[in-house]
Amino acid sequence: MKITGAIFDIDGTLIDSMMFWDIFWQRLGVHYRNDPAFRPDGKTEKAIRTLPLKEAMYLLHEACGIGENGEALLKTANEMCAAFYANDVQMKPGALEFLAHCKKQGIKMCVASATARPLQEIVMNKFGLDVYFPRIFSCSEIGIGKEFPDVFIAAHEYLGTPKESTWIFEDSITALETARKAGYQTVGIYDPHNFNLDRMPDFSTAYIAEGESLARLIPEI
């Protein structure tokens, strides 16, 4: 694997956080509907999980009638997310080891995530990731989610590395498909809480399967 630049997602890729959605739906259901089994329909949930949080919460309110309005729901979601990231989130196995190896090899790295910047910064501070990532990009600041390549293009322009050796690391089939169509090499990362896991290898130049970690790639770089 020839890698000069690496663009990393955070949730489900570097940190073990995707179970948050199960917790989130349960808590919202209890709070707003007295129903711990609440969950949006599959199409709505998939859309929500690829959008910046503000747009996601406005969509949730519109589609399911949860919360007084989108802004109120966003406030609740931000509070829940901040507590979860600060207290519960852990790094995925092998992720720190892999980042340290990439840094040692002189690979330029940054983050491109749908996660809001304040939540990304909680993770950066908690695990000392700023030594690997001098710059983070958020879809909310770019203004569009990962169904479009804009956040990857912005991150790549910052890195300034050749496109053919710039790799994008993702756990989302939507993001992987976008990145591949935009001409990037991709590393798909299995996460049991994600969608369409059977299709992940189809859009992955390299694939981290169930039971594996990013550390598996170290001998190849």
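Being a predicted model, the structure only gives us computed values, none of them experimental.

Which parts of the structure should I look at to understand the packing of aromatic side chains?
Note on aromatic pairs: each is described by the distance of the centres and the angle between the planes. Tallying each qualifying case throughout the model produces 13 aromatic pairs. Their ring planes at 25 degrees and their centres at 5.3 Å tell us that F20 and F24 sit as a pair that is stacked. Remark: F24 and F20 occur in helix α1 (residues 20–33); sequence separation between them is 4 residues, near one turn of the helix. Grouping residues by exposure puts F20 and F24 together as buried. Ring geometry for F98 against F169: centres 5.6 Å apart, planes inclined by 55 degrees, an arrangement best described as tilted. Remark: F169 occurs in strand β6 (residues 166–170) and F98 occurs in helix α5 (residues 95–104); sequence separation between them is 71 residues. Take F98 and F169: they sit in the same class, and that class is buried. Connected via pairs of aromatic rings, a cluster forms that spans F20, W21, F24, W25, F38, F84 and Y85. Note that R135 overlies the ring of Y158, its terminal NZ or CZ placed 5.5 Å from the centroid. Residue placement shows K163 over the ring face of Y184; its charged tip is 4.9 Å from the ring centre.

Help me understand unusual backbone geometry, please; the structure alone is not making it clear to me.
Leave glycine aside and you will find that most residues have negative phi; peptide bonds, for their part, are mostly trans. Phi angles above zero are rare outside glycine, and N34 is one such case at about 55 degrees. For N196, which is not glycine, the phi torsion reads 50 degrees and is therefore positive. Using a relative accessible area of 29% as the deciding quantity, one classes N196 as partly exposed.

Would you take a moment to explain the side chain of Q120 for this structure?
Counting through the fold element by element, Q120 comes out in helix α6 (residues 117–127). Classification of Q120 as buried rests on a relative accessible area of 1%.

Sorry if this is basic, but what is going on with the pattern of salt bridges here?
Note that side chains of opposite charge can pair when their charged atoms are close. Counted by the stated rule, this structure contains 12 salt bridges. Residue R49 is joined to E45 by a salt bridge in which the shortest nitrogen-to-oxygen separation is 3.2 Å. Both residues of the pair, R49 and E45, count as buried. When the shortest N-O distance is used, the salt bridge between K181 and E177 registers 3.1 Å. Here K181 pairs with E177, and both are found in helix α9 (residues 173–181), just 4 residues apart, close to one helical turn. Bridged by salt links that share partners, the residues D22, R39, E45 and R49 form one connected network.

Rules of the game
Residues numbered from 1 in each chain as written. Predicted model: local features only at pLDDT ≥ 70, side-chain atom pairs only at ≥ 80, totals over all residues. Heavy atoms only, no water. Phe/Tyr/Trp six-rings, centres within 6.5 Å; stacked < 30°, edge-to-face > 60°. Helix = DSSP H or I, 4+ residues; strand = E, 2+ residues; numbered from the N terminus. Buried < 20%, exposed > 50% of the residue type's maximum accessible area, 1.4 Å probe, protein only. Lys NZ or Arg CZ within 6 Å of the ring centre and 35° of its normal. Salt bridge = Lys/Arg side-chain N within 4 Å of Asp/Glu carboxyl O.

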